[in-house]
Amino acid sequence: MVAALALLMLGASAQKRQVMLDKVVAVVGGSSILHSQVQEYADRLVQQRRQQGYTSDRDPVNEALEALMTQKLLYNQAQIDSVKINEGAISSAVEENLQHMIEEAGTIHKLEVQQHMPIFNLREMLRQTFEEQQYASEMENTVVSKVTVIPGEVERYYKSLSRDSIPLVADQFVYAQITKFPKSMTEAKQRTKQRLLDMRERAITGKAKFENLARMYSQDPGTLMRGGEMDPTTLRQLDPSFAAALEKLKPGQISEVVESDYGFHIIKLLDKRGELYHFRHILLHPVYTPEELGEASNTLDSLVKMIHADSITFERAALLHSDDKTSKMNGGVVSNTDVLKYFGGGNTKMTVTKFLREDFGRFKSLEDYNALVKLKPGEISNAFVTEDMLRNQMAKVVKLIEIIPAHRASMEEDYLRIEEMALQDKQGRVFKEWLTKKIDQMYIYIDPEYRDGEFENKHWVK
């Protein structure tokens, strides 16, 4: 719920503001809600639904007010419970959103005219908005994070669904791959190291500021807008090689080039307090020339010709020649193991080898999908250039093993998806019970003009 609210508020913040009389229409804890905020949110709800092609019988103004009151309650409770948030992510979101607004307006001056405020006030307003949303989101996550479901609950949930409520699972792809990094990987890595060494020297000699170099060249999307700055963190939360280099630094020092699972870095330690390290870094990935990538593609195309000539099976070719350590041991069959590892997972129960269209571009390469849709089961693609999850360039061929047709979800074929639905249902019930309890405990005021609305939670009106 809060995530959807954040998107709506983000859109609203970019709208042109009109000079109008405003008033407080609700107060939750120590936070007030203005008429203009409710109206902006309601307008955005209507616009979003039109774009998605559906309507609601519920009054959008009433729905907007309840959503905003829920966010305010979560925010206030987060303050009471001393919930921690990612300040760095907020700063990045603010700058990214502000830059987008400037680009849409044309210039900073035009944006200031549209918003009726100077740029520094707008930045602070955005910061407060994103901060409140982040606190609310973290508070909601805290409430539901320990909720789990057991197989019996999943089965009971599934049996409780009417046939129309059972989700339709779209076509799923099962496929295998053979990947190949260019032979010139050593040279590409050396070029990358040299670029970082040049940046390091420029920063040390004062010819450039480390944070400016990070903004211009770093390939870490999470920190580049902040000049490479990371939130203070412990060593155990970092890649081992990165942590080892960081631990040796004194405040103000810049490391030599460090290779981690994510690429190559130089690190600048800002300060250290207890076990918390505050630092900036610049991340680069090896980059290959078109000729180098073409050589890797040619190698794979030659391998495919051997497979077509029955000189070797695809499974054997994957085992002997693929550079993907995970899939090569399974005949090239692709799973989400790399996704689980990247996000700190490791629960083998969550491993899947079936991918929806929506999974490509989020968790798997969109180029994989573009190649697969041209194939029939058993066919192999030509080589194409793509990137892995860590943005390392490579050549790849894929083999379509099976297309599982769209169907109603079943316990046998789609247990993980049904388990996720059951978990979300239980989390929703737990959150609703928690919210009702907090509404009863917290100060709530709603303007008489808005009290007659149909609130989903009847406890709002006291």
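The structure contained in this document is the topic of the report that follows.

What counts as what
- Residues numbered from 1 in each chain as written.
- Predicted model: local features only at pLDDT ≥ 70, side-chain atom pairs only at ≥ 80, totals over all residues.
- Heavy atoms only, no water.
- Salt bridge = Lys/Arg side-chain N within 4 Å of Asp/Glu carboxyl O.
- Helix = DSSP H or I, 4+ residues; strand = E, 2+ residues; numbered from the N terminus.
- Buried < 20%, exposed > 50% of the residue type's maximum accessible area, 1.4 Å probe, protein only.
- Patch = residues over 30% accessible without salt bridge, like charges linked within 9 Å, V, L, I, M, F, W, Y side chains within 5 Å.
- Areas by Shrake-Rupley, 256 points an atom, 1.4 Å probe, with all protein chains shown as cover.
- Pairing = 2+ DSSP bridges.

Should the charged atoms of two oppositely charged side chains come close, the side chains can pair. What the rule picks out here adds up to 22 salt bridges. Taking the shortest distance from any N to any O, the salt bridge between Glu 124 and Arg 127 comes out at 2.6 Å. Of this pair, Glu 124 and Arg 127 both sit in helix α6 (residues 119–144), separated by three residues, roughly a single helical turn. When its relative accessible area of 32% is taken as the criterion, Glu 124 is described as partly exposed. You can call Arg 127 partly exposed: its relative accessible area is 30%. Taken together, the shared-partner salt bridges connect Lys 23, Asp 447 and Glu 449 into one network.

Another aspect to go through is a nonpolar patch on the surface. A cluster of nonpolar side chains, namely Leu 319, Leu 320 and Met 329, defines an oily patch on the protein surface of about 300 Å² accessible area. The residue Leu 320 is located in helix α12 (residues 314–321) in this model. Taking the relative accessible area as the measure of exposure, Leu 320 reaches 47% and is therefore partly exposed.

Residues Ser 31 and Ile 33 line the buried face of strand β2 (residues 31–34), whereas the alternating positions Ser 32 and Leu 34 sit on a face that is not buried. Here strand β1 (residues 24–28) pairs with β2 via four bridges, running antiparallel. Bridge pairing in β2 links Val 28 to Ser 31. Between the end of β1 and the start of β2, which pair antiparallel, lie two residues, with Gly 29 showing a positive phi angle near 60°.

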